[in-house]
Amino acid sequence: MDILSSLEDVRNNEHFTLPKFLDVHLSNASQTLKLHPTWLRDHCRCPDCYNAVTYQRKNDILKLNEHSTISAHSQSDGLLHVLWSDGHKSIYSIPWLISNTYEGRCRTQEEEANRLITWDGSMGNLPSLEPILYHNAMHDDNTLSEIYRRVIQYGFVQIEQVPSTEIDTKMIIERVCRMSRTVFGKFWETGTNFDHMDTGYLNGYLEGHTDNTYFTEAQGFLVFHCTHFNGKGGESFLVDGFHVAKQLKQLDPIAYDYLSKANITAEYIEPGEHFSSGGAILRHDPVSHQLEQIRFNMLDRAPLTSVPQSEVGTFYRHLRTLAMLVRQKENEYWFRLSPGTVMVIDNWRLLHGRNSYEGKRVLRGCYYSRSDFMSKARHYGIIL
């Protein structure tokens, strides 16, 4: 059979075009979950279909439709039992089916998004939290889980009483998550030299921004520890980008929609390197459509080649609206990074900045990749 005939068979196969959905009755008698038989067979977790050691499938995708006819099924004790036309038997946990379908996952992601607590500069809506101490974080997994919960829920966490040494800073960093290696190295230090062509290595004012907008995937989280300060100024601030996005959506939904679609390219250049990447400033999950990232760095913008000249006015108008909200003093939470306090920040959600300063200010830290950090968050049951 040639490839065209094979493709035609796939297009006309009734398993795909006219499926007989299986109705799973949920604990709420008024609700049912409709499941496609091919999806069910593909998600069988028996030893013949799934390797529980490697957590990988064993099914042949090209043979699924041959085995996707249900002969019988039943429900009992929270389990779905299915007998297939080829004699194969499958058993599914109904809660697992709910959480691993598109419909269930969308509901879960919406619930997770609703658990996020956004804030303005007053942080008046944030609960009073017990400080997380270095010793507890280093030796207690429950404290480590709480670190992840706070970062996911509030966008940041502070760890107190960390000795201001390089080795102790590295120890708490690596206790939380593995460090990510970028062009800036694995464990970086600013304030002692100008190793990289980045404004953050200087002592001037830094407006609110997210890092790495020029990477294909911006690093997900950053860690700061000011291990030495002798001078004036240098106060830091955070802006909750998700709070600002909410404000934009309420005040100017057209601007919100535009900045969710328009491509803006950022770049980073130094001897031997030229990073460049584009994307929307407001990026949403393709399934749940929940906001998942804000890419906002006005210093790293590359030449604007992604917008036709006829649309340039519209682009700058909407960008200016967002920038005005970012710079609202009411949205800025000011504080001082001091020796002994390590801060972990969600770089996909929070913008950070700094006042200019005089004197010596040594800042040590690193990045965590989004993939690594969220993997640990799933391990601790903070997210699915």
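Quick summary incoming for the structure in this document. Quick caveat: nothing in here was measured; it's all calculated off a predicted structure. For every chain, the first residue of the written sequence is number 1, and numbering continues from 1 along that sequence. Since the coordinates come from a predicted model, pLDDT governs what is reported: local features require at least 70, and pairs of side-chain atoms require 80 or more to be given and counted, while whole-chain, interface and lining totals use all residues. With hydrogens and water excluded, all non-hydrogen atoms of the structure serve as input to the side-chain values.

1. Brief notes about the overall build of the chain
Here's step 1: Helix and strand content of the chain: 12 helices and 21 strands.
Here's step 2: Along the first, second and third principal axes, the C-alpha set of the chain runs to 75 × 60 × 45 Å.
Here's step 3: The rule is simple: take the accessible area with a 1.4 Å probe, protein chains only, and divide by the maximum for that residue type; under 20% is buried, over 50% is exposed, in between is partly exposed. Buried positions account for 46% of the 384 residues belonging to the chain.
Here's step 4: The contact criterion used is simple: two residues touch if any of their non-hydrogen atoms lie within 4.5 Å. Long-range contacts, defined here as pairs at least 24 residues apart, represent 71% of the contacts in the chain between residues at least 6 apart.
Here's step 5: For accessible areas, the Shrake-Rupley method is used with a probe of radius 1.4 Å. Any residue's cover is judged against the shown protein chains and nothing else. When the accessible surface of the chain is totalled, it reaches about 20,100 Å², and 51% of it is carbon and sulfur.
Here's step 6: Only four residue types enter the charge count: Lys and Arg as positive, Asp and Glu as negative, with His and the chain ends excluded. Note on charges: their place is set at NZ of Lys, CZ of Arg, CG of Asp or CD of Glu. Side chains of the chain give 39 positive and 46 negative charges; the mean places of these two sets differ by 2 Å. Elements are defined by DSSP. Helices are runs of H or I of four residues or more, strands are runs of E of two residues or more, and each kind is numbered from the N terminus.

2. Focus: the sheet that holds strand β19 (residues 342-346)
Here's step 1: Pairing between two strands is assigned when DSSP locates at least 2 bridges connecting them. A sheet is described by the order of its strands in space; here six strands give the open sequence β8-β9-β19-β12-β21-β10, paired in mixed fashion. Only two strands of the sheet have a single partner each, and these edge strands are β8 (132-133) and β10 (188-190).
Here's step 2: Pairing between strand β9 (residues 156-160) and β19: four bridges, direction antiparallel. Paired with Phe156 across the strands is Ile345, a residue of β19.
Here's step 3: Fitting a line to C-alpha atoms yields each axis, with helices limited to the stretch in contact; the angle taken between N-to-C directions then spans 0 to 180 degrees. Against the sheet, helix α7 (residues 141-154) touches β8, β9, β12 (221-233) and β19, its axis set at about 145° to β9.

3. Re the sheet that holds strand β7 (residues 89-93)
Here's step 1: Within the open sheet, the three strands sit side by side as β5-β6-β7. Their pairing is antiparallel. Either end of the sheet is taken by a strand with one partner, and the two such strands are β5 (70-76) and β7. Averaged over all pairs of adjacent strands, the angle between their axes in this sheet comes to 15°, without regard to strand direction.
Here's step 2: When strand β6 (residues 79-84) meets β7, the two strands line up antiparallel, connected through five bridges. From the neighbouring strand, His81 faces β7, where its bridge partner is Ile91.

4. So, unusual backbone geometry
Here's step 1: With a phi close to 55°, Asp77 is a non-glycine residue in the positive phi region.
Here's step 2: The topology assignment puts Asp77 in the loop between β5 and β6.
Here's step 3: A relative accessible area of 80% places Asp77 in the exposed class.
Here's step 4: Of note in this structure, Asn212 is not a glycine but carries a positive phi near 65°.

5. Digging into the packing of aromatic side chains
Here's step 1: The rule is short: rings of Phe, Tyr and Trp, with Trp giving its six-membered ring, pair when the centres are within 6.5 Å, and they are stacked under 30 degrees, edge-to-face over 60, tilted in between. Within the structure shown, the criterion is met by 18 aromatic pairs.
Here's step 2: Ring centres 5.9 Å apart and planes at 80° place the aromatic pair Trp119 and Phe156 in the edge-to-face group. Separated by 37 residues along the polypeptide, Trp119 in the loop between α5 (102-115) and β8 and Phe156 in strand β9 bring together distant segments of the chain. With respect to class, Trp119 is no different from Phe156; both count as buried.

6. Concerning the side chain of Ser90
Here's step 1: By the secondary structure assignment, Ser90 is in strand β7.
Here's step 2: The class of Ser90 is buried, set by a relative accessible area of 3%.
Here's step 3: Reaching out from Ser90, the side chain makes a polar contact with the side chain of Trp84 at a distance of 2.9 Å.
Here's step 4: Ser90 has contacts with Cys44, Leu80, His81, Val82 and Trp84, leaving out every residue within four places of it along the chain. Definition of a polar contact: a pair of N or O atoms within 3.5 Å, with one able to donate and the other able to accept a hydrogen when the atoms are protein atoms, and with sequence-neighbouring residues admitted only if both atoms are side-chain atoms.

7. So, the packing of α7 against helix α12 (residues 370-379)
Here's step 1: Across the interface, α7 lies against α12 with an axial gap of 10 Å and an inter-helix angle of 115°. As α7 packs across α12, the resulting crossing turns out to be left-handed. On α12, the residues that touch Tyr148, Val151 and Ile152 of α7 are Phe373, Met374, Lys376 and Ala377.
Here's step 2: A class-by-class count of the residues in the contact of α7 with α12 yields six nonpolar, no polar and one charged. What makes a crossing left-handed is the near helix being turned counterclockwise from the far one by less than a right angle; a clockwise turn instead makes it right-handed. The classification used treats Ala, Val, Leu, Ile, Met, Phe, Trp, Tyr, Cys and Pro as nonpolar, Asp, Glu, Lys and Arg as charged, and all other residues, Gly among them, as polar.

8. Comments concerning the environment of Ile94
Here's step 1: Mapping Ile94 onto the fold places it in helix α4 (residues 94-99).
Here's step 2: With 69 residues separating them in the primary sequence, Ile94 and Pro163 have C-alpha atoms 49 Å apart.
Here's step 3: What Ile94 contacts, discounting residues up to four positions off in sequence, is Val24, Leu26, Gln75, Gly78, Leu79 and Leu80.

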